[in-house]
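Next come the chains, spelled out residue by residue.
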There are 2 protein chains.
Amino acid sequence: MSLTTIQLKAPYLIFLGEVDSPVYSKTGAGIVQWRPELVAGQLRFAGNQLSLGVPDMTVQQAVKAGVKSIIIGVAPVGGKIEDEWLKVLEEAAKLGIDVVSGLHHRLESFPGLVAAANKSGAQLVNVRTPASGLPVGSGKKRSGKRLLMVGTDCAVGKKYTALAMAQALQEKNVQATFRATGQTGIMIAGSGIPIDTVVADFVSGAAEVLSPDNADDHWDVIEGQGSILHPGYAAVSLGLLHGSQPDAFIVCHEPTRTTMEGFPAAAMPTVQQCIDLTIQCGKLTNPAIRCVGVSVNTSRLPEKDRIPYLEQLAQETQLPCVDPILTGCEALVQNLF
Amino acid sequence: MSLTTIQLKAPYLIFLGEVDSPVYSKTGAGIVQWRPELVAGQLRFAGNQLSLGVPDMTVQQAVKAGVKSIIIGVAPVGGKIEDEWLKVLEEAAKLGIDVVSGLHHRLESFPGLVAAANKSGAQLVNVRTPASGLPVGSGKKRSGKRLLMVGTDCAVGKKYTALAMAQALQEKNVQATFRATGQTGIMIAGSGIPIDTVVADFVSGAAEVLSPDNADDHWDVIEGQGSILHPGYAAVSLGLLHGSQPDAFIVCHEPTRTTMEGFPAAAMPTVQQCIDLTIQCGKLTNPAIRCVGVSVNTSRLPEKDRIPYLEQLAQETQLPCVDPILTGCEALVQNLF
């Protein structure tokens, strides 16, 4: 993969600090869930009862265990990196361990951390940093197969579904690679491009770089962003669709919203609207594009309504409809071939 | 208009230097054509036979004439700003005149120019610089009317058509404002946002800022960018469409291309495809969106085929089809009301 993508070095030490809330430690938990083989351990402050179920380590122990990156696996509750955190991160940087952050504050804004990294040669990696040197999208056909997640809104399970699909394909001995387009996805995948930080002229080019030519039977499973029907983020979604030139896509959906999350002026589109517009736009770079199914986050529906909802949606769309956590992704995988 | 847009101060001195090619002086010529009332004069080096038809002025004379900005109205033939140019620009900056450039090289990369500007308080204005502090698009309905140029490709006459339409409306005493989204357009309008330099997440938000609430019978005539059917630039075009929430749009087209300019892998879409997809996507932020006609650059067709081409296209699309230079825009203006 090109230098325009972010690349993390494994194995990792996941930094939790004093944060003991599962909500604020989703990134760390996601890495352990999806990439346990890359995680050497966790670093918690004394008294923190939250555990990701991996060995506790000090920075010194991590060095001995060959750790290459310390990843901030939590969001600071006040939004700010505390002095106690910086001490640990500086110690790691001083010993040559890369420091990886998805926080808004750039790591370069902490002089002590910069000095420590400069001395040892450790990298400070901000996974929100826009890639530079990206090309304009060409629309040229690439080899290999691509499966893109699209959505009726933001935060409807695109990352989770992509990770679950990549894993399900690999378990069937299908060559498959998860391609990350957002910060948490990048931390899980260990590489990727934070596509929403790319200048608009280069979004489809970024997506082309993200899923390069590959073996004919290899599947890139690409994390989606936003929605082509979103008044704020559709530009990102369309560039990603064009550059990904997907052979297949999955619509991700959350059935209880009436308006888009945080956008009270924007009505939720239907799954069918999302299918139709994705096909119409996606044909530009892949005339064979097709929808292979729908992935629904049913967790906000009453328990008794979840399976009936999926069944009704399957009837309406004539497509397999799953909730990856409730039913697994098998029906979607089968419809790929 | 908000601080997130570029704003130029008039009157202008147009800098031509030694450039005597009409092709490389299009920006200067465009400003004189569309905004003659803002142009105090031109500055040419001795022996340059090219003239924009406005008074010749030295920097000293420009100061006396009250000039507020010197605008680089030419592209340097070698792509580089020559020392001879810098001398003039520095003299202007030293005397408090803003320096305005649409070149790739940022004005801040010339220390002498920066020092001169800092001393006098003159601004160095790069019209390619991305705006900062832009919001994410909300999709909320704004007051006033909006007319957007869209295209089947880049470089098909969107800027020219928008300027011609704004002028035609003003001549009918309709309140109308040209809204610039590209560098040349910004230099002509004196303000605007270079929309293709905006980070993808903020493109529709930028378009919302560019055409704010206005009087109910006021028309913003918005310069388009790229094409919603372009494999490289569709993200820009879709964000601009959503944020502009146009009541009406005009499709701009060049009829002799078989593939998109510079993109041999990308077939040219038809005008009808462009109309259909623009309506389908544009409905998201303005359900009443409609196409009011087609603006064709017929100059590459044989002369005898030009009017017949427009007539045939009008029959196919059931819409007024004009070439603004050949036929004027009157038919499009009439279809707006």
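Look up: the structure comes first, before these words.
The model shown is predicted, which means the values in this text are computed figures rather than measured ones.

**Focus on the interface of chain A and chain B**
Then comes step 1: Taken together, the contacts link 33 residues of chain A with 33 residues of chain B.
Then comes step 2: Surface buried jointly by chain A and chain B totals about 2,600 Å² across both partners, of which 64% is contributed by carbon and sulfur atoms.
Then comes step 3: Considering only the side of chain A, the residues that lose the most area to chain B are Ala-200, Asp-201 and Pro-231 of chain A, jointly responsible for 20% of the buried surface there.
Then comes step 4: Counting the contacts that link chain A with chain B gives zero salt bridges.
Then comes step 5: There are seven residue pairs in polar contact (both at pLDDT 80 or more) connecting chain A and chain B.
Then comes step 6: Looking at the side of chain A that touches chain B, the elements that each hand over two or more residues are α7 (203-210), α8 (234-244), β13 (263-267) and α9 (271-282) of chain A.
Then comes step 7: Among the elements that make up the side of chain A that touches chain B, the one with the highest residue count is α8 of chain A (six residues).
Then comes step 8: By residue class, the composition of the side of chain A that touches chain B is 19 nonpolar, eleven polar and three charged.

**What to know about helix α5 (residues 158-171) of chain B**
Residues and elements named next belong to chain B.
Then comes step 1: Here α5 is 14 residues long and its end C-alpha atoms lie 20 Å apart, about the 20 Å a rise of 1.5 Å per residue gives.
Then comes step 2: Among the residues of α5, those classed as buried are Lys-158, Thr-161, Ala-162, Leu-163, Ala-164, Met-165, Ala-166, Ala-168 and Leu-169.
Then comes step 3: Residue Asn-173 follows α5 closely and has a positive phi angle near 60°.

**Observations concerning the relation of the copies chain A and chain B**
Copy one and copy two of the chain differ by a rotation about an axis and a translation along that axis.
Then comes step 1: Superposition record for chain A on chain B: RMSD 0.0 Å, screw rotation 180°, translation along axis 0.0 Å. These values place the two chain copies in the arrangement generated by a two-fold rotation axis.
Then comes step 2: Same-surface contact between copies: 100% of interface residues of chain A are shared with the interface of chain B.

**What to know about unusual backbone geometry**
Residue and element names in this part refer to chain A.
Then comes step 1: The step from Ala-10 to Pro-11 runs through a cis peptide bond, and the omega angle for that step is -5°.
Then comes step 2: Inspection of the secondary structure assignment puts Pro-11 in the loop between β1 (6-7) and β2 (12-17).
Then comes step 3: Even without being a glycine, Gln-245 presents a positive backbone phi close to 35°.
Then comes step 4: Structurally, Gln-245 is set in the loop between α8 and β11 (248-253).

**Focus: the sheet that holds strand β15 (residues 321-322) of chain B**
Residues and elements named next belong to chain B.
Then comes step 1: Across the sheet, six strands lie side by side as β8-β10-β7-β11-β14-β15; this open sheet has parallel pairing. In the strand order of this sheet, the two ends are held by β8 (176-179) and β15, each with one partner.
Then comes step 2: Sheet topology places strand β14 (residues 290-296) next to β15; two bridges connect them, and they run parallel. Paired with Val-294 across the bridge in β15 is Cys-321.
Then comes step 3: On top of the sheet, α5 reaches β7 (145-151), β8, β10 (219-222), β11 (248-253) and β14; it is set at about 165° to β8, its chief contact.

**Topic: the packing of aromatic side chains**
Residues and elements named next belong to chain A.
Then comes step 1: In total, this model carries ten aromatic pairs over all chains according to the counting rule given.
Then comes step 2: Consider the rings of Trp-34 and Tyr-160, whose centres lie 5.3 Å apart with planes at 75°: the pair is edge-to-face. Taken as a pair, Trp-34 in helix α1 (residues 26-34) and Tyr-160 in helix α5 (residues 158-171) lie far apart in primary sequence, 126 residues in all.
Then comes step 3: The exposure class assigned to Tyr-160 is partly exposed, which follows from its relative accessible area of 29%.
Then comes step 4: Taken together through their ring pairs, the aromatic side chains of Phe-15, Phe-45 and Trp-85 make up a single cluster.

**Some remarks on the side chain of Glu-254 of chain B**
All names here are of chain B.
Then comes step 1: Along the polypeptide, Glu-254 turns up in the loop between β11 and β12 (259-260).
Then comes step 2: Residue class for Glu-254 comes out buried when judged on its relative accessible area of 2%.
Then comes step 3: Only 3.4 Å separates the side chain of Glu-254 from the backbone nitrogen of Arg-257, close enough to count as a polar contact.
Then comes step 4: With residues near it in sequence (within four places) discarded, Glu-254 still touches Thr-152, Val-156, Met-268, Asn-297 and Arg-300.

The rules behind the values
Residues numbered from 1 in each chain as written. Chains lettered and ligands numbered in written order. Predicted model: local features only at pLDDT ≥ 70, side-chain atom pairs only at ≥ 80, totals over all residues. Heavy atoms only, no water. Contact = heavy atoms within 4.5 Å. Buried area = accessible area lost by both parts, 1.4 Å probe. Salt bridge = Lys/Arg side-chain N within 4 Å of Asp/Glu carboxyl O. Polar contact = N/O pair within 3.5 Å; in protein donor to acceptor, adjacent residues only side chain to side chain. Helix = DSSP H or I, 4+ residues; strand = E, 2+ residues; numbered from the N terminus. Nonpolar A, V, L, I, M, F, W, Y, C, P; charged D, E, K, R; others polar. Expected span 1.5 Å × (residues − 1). Buried < 20%, exposed > 50% of the residue type's maximum accessible area, 1.4 Å probe, protein only. Least-squares fit on C-alpha atoms with pLDDT ≥ 70 in both. Pairing = 2+ DSSP bridges. Axes fitted to C-alpha atoms, helices over the stretch in contact; angles between N-to-C directions. Phe/Tyr/Trp six-rings, centres within 6.5 Å; stacked < 30°, edge-to-face > 60°.

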